[in-house]
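A closer look at the structure
So the chains spell out like this:
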Amino acid sequence: PGRLVLSPTTGINFGIAMAAGAIVGDSKSDLIVGASARGTNIGSVFVYTGGTIDGGACGAGCQELQPPTPEPGLYGTDVSTGGNVGNVAAETLPDLVVAQPTWPTNVTSTAQGRVFIYFGTSNSTLDTVNFIEIRGVAGEAFGSTAQIIKDIDNDGLDELAISAHSQGGGQGRVYIFRGRSANPTGTPANANDNWYTSRSGGFVSSSAANWILAGPTPVASGGNEFGRLRWGVTQLGDVDNDGRQDFAIPMSKLARNRLVAFSGARVAATNTGLPNPASTSLVVDIVAPRSLTVDGYQVLLAPSGESTGNSVDGFARRAIGNLTVQGSRALVVSNPNANAVYVYTGVTGSVPTMPTATIVGAVTFGFNASAGDLNADGLSDLVVTENSVANANNFVVYQRGIGAPFETAAQITPVPGPAKSWLSRIVGPPSGRLGRVNLIHDVDGDGRPELILGDEGNSQVVLWR
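Residues numbered from 1 in each chain as written. Predicted model: local features only at pLDDT ≥ 70, side-chain atom pairs only at ≥ 80, totals over all residues. Heavy atoms only, no water.

Brief notes about the overall build of the protein chain
Along the protein chain, the regular secondary structure elements total three helices and 32 strands. Residues classed as buried in the protein chain amount to 56% of the 465 residues present. The contacts in the protein chain between residues at least 6 apart in sequence include a share of 57% that link residues at least 24 apart. A total of about 16600 Å² of accessible surface is found on the protein chain, and carbon and sulfur atoms cover 50% of it. (Helix = DSSP H or I, 4+ residues; strand = E, 2+ residues; numbered from the N terminus. Buried < 20%, exposed > 50% of the residue type's maximum accessible area, 1.4 Å probe, protein only. Contact = heavy atoms within 4.5 Å. Areas by Shrake-Rupley, 256 points an atom, 1.4 Å probe, with all protein chains shown as cover.)

The following block contains the structure:
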């Protein structure tokens, strides 16, 4: 029990991105932390082996990853695991994806951006020689987010979704690469069915994506920001009941922010051949009503009464899907501009247009949120951050088994329930950003999840056991 602070060194943006999964060694989950300012904005990623996590510097049980060339580019801006996008010798270990979106100039308008895949291993450290590098086109902000998503083409491997929100003058794209073999010496019949043989000049090009999703036209003033936000792709589970996993992508610069839910199967069906589509697979239309089961996507707006909110801190700043809330599939969507977190239940067939419940806080409540069972009652709880208040507040909002699923007001004084408090609060240190990234996951191997809060302002990550 207790509190553990990880902080290899100061001033490196340690904690700007986090993920957890059993990518090295045994079945215990490992903690991955981005530090995008390491080495004058070159960036690093720290991998803490599950069950051996210790405070302070990166010592025993910790591996520091760095990009293969030392140009600035904010390596570690986004990290993702939890899925297998490269099958190495029929292993089933999750892989690690690391984004470096402003490489090599560290200026978004000219940066090419790149993303790396490190394959999961039963060894004690990741292989930093046989990695895969994927590059974008200058000026499109390739790799602003990079997330592993669940299998949409039913081949047993997961897929990789990489956003490029500045592409096309701000129209924005999300490039989706299908999982494929990762045998460095393999020679499959189709060269694009192996990550290594998919390369040209030592890297995979964004043009080799299997599916390309694009934001709407005409482009909103300042750009659509399609897929920009930190978790640019959200897993929804099988919403349309077709046996495939569905997902959602935010758009945060339109007259009203939107979250677009996509049918995984219908996206996959837009290109059943290889290597890549001749043109964009789907262009989002925000004018005509769209159906998940007919058109392959559905556009979700903030609840009625909110007519504006075109900001990266508006509706869909954070979305968490594939949850169970009181026995029903649920989706949680935050809206820091409205200081609200919306809970949509009954997410089957389509996403309901109105939330079942709304949790309200103070200043930028909902800047970030995560879900997990913190009190071991079998129910998913929420951790929600208020980023713009002094020291940053982080509220743990526990799910209730009966009555209203959550407290509807994140108050400074917890509201007691019949048997326990359903709300608690953690306050960060001065001048910090505690909770701008948060995570609920068991990374010390004791079978109970930790609450993990990133604070890149103080270059630290704090774990509560």
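What follows picks up the thread again.
Observations concerning the nonpolar core
In summary, soluble globular proteins display a tendency toward joint burial of nonpolar side chains. The biggest cluster of nonpolar side chains holds 23 residues, and the ones touching the most others in it are I117, I132, I134, L160, I162, F177 and W195. Of all elements in the fold, only β8 (96-100), β9 (114-118), β10 (132-135), β11 (142-149), β12 (159-164) and β13 (173-177) reach the threshold of two or more residues within this core. Residues contacting L160, with those up to four places away along its chain left out, are V85, V97, I117, I134, Q147, I148, Y175, I176 and F177. Counting residues in each nonpolar core, the second largest holds 20 residues, with A161, L213, M251 and A268 among its members. (Core = buried A, V, L, I, M, F, W, Y, C linked by side-chain atoms within 4.5 Å.)

Examining the layout of surface pockets
Sizing a probe to match a water molecule and rolling it over the atoms shows the empty space that remains. One number sums up the size of the largest pocket: a volume of about 930 Å³. Mapped onto the lining of the largest pocket, the elements with two or more residues apiece are β2 (14-21), β6 (78-80), β11, β17 (234-237), β22 (319-325), β26 (365-372) and β30 (437-441). (1 Å grid on protein atoms, 1.4 Å probe; cavity = no way out; pocket = protein on both sides within 12 Å on 5 of 7 lines; lining within 4 Å. Points joined across faces, edges and corners; volume = space filled by probe spheres on them.)

With respect to the state of the cysteines
Summed over all chains, the structure comprises one disulfide. The partner cysteine of C58 in its disulfide is C62, sulfur to sulfur 1.9 Å. Judged by the sign of its S-S torsion, about -100°, the bond between C58 and C62 is left-handed. Residue classification places C58 among the partly exposed residues on the basis of a relative accessible area of 26%. (Disulfide = S-S within 2.5 Å.)

What to know about the packing of aromatic side chains
All chains considered together, the criterion is met by 13 aromatic pairs. Here F119 and Y196 contribute two aromatic rings whose centre-to-centre distance is 6.2 Å and whose plane-to-plane angle is 50°, an arrangement assigned as tilted. Residue F119 is found in the loop between β9 and β10, and its partner Y196 is found in the loop between β14 (180-181) and β15 (204-205); the two are separated by 77 residues along the sequence. Here F119 matches Y196 in class, with each residue buried. Ring centres 6.0 Å apart and planes at 35° place the aromatic pair F262 and Y297 in the tilted group. Taken together, the positions of F262 in strand β19 (residues 258-262) and Y297 in strand β21 (residues 297-301) put the pair 35 residues apart, joining distant regions of the chain. (Phe/Tyr/Trp six-rings, centres within 6.5 Å; stacked < 30°, edge-to-face > 60°.)

What to know about the sheet that holds β26
One open sheet holds the four strands; their spatial order is β26-β27-β28-β29, and the pairing between them is antiparallel. On the outer flanks of this sheet lie β26 and β29 (423-427), each paired with one strand and no other. Between one strand axis and the next, the sheet turns through 20° on average, direction left out of account. Bridge analysis of β26 against strand β27 (residues 381-386) gives six bridges, and the strand direction is antiparallel. Across the sheet, residue S370 finds its bridge partner in β27, namely V383. (Pairing = 2+ DSSP bridges. Axes fitted to C-alpha atoms, helices over the stretch in contact; angles between N-to-C directions.)

Some remarks on the environment of G43
Mapped onto the secondary structure, G43 falls in the loop between α1 (38-41) and β4 (44-48). By relative accessible area, G43 is classed as buried at 2%. Considered as a pair, G43 and G73 are 30 residues apart in the sequence and their alpha carbons are 7.2 Å apart. What G43 contacts, discounting residues up to four positions off in sequence, is A35, S36, R38, Q66, P67 and Y75.

Quick word on the environment of F119
By relative accessible area, F119 is classed as buried at 7%. As a C-alpha pair, F119 and L96 span 23 residues in sequence and 6.3 Å in three-dimensional space. Other than its neighbours up to four places away in sequence, F119 contacts G86, V88, D95, L126, N130, I132, A182, W195 and Y196.

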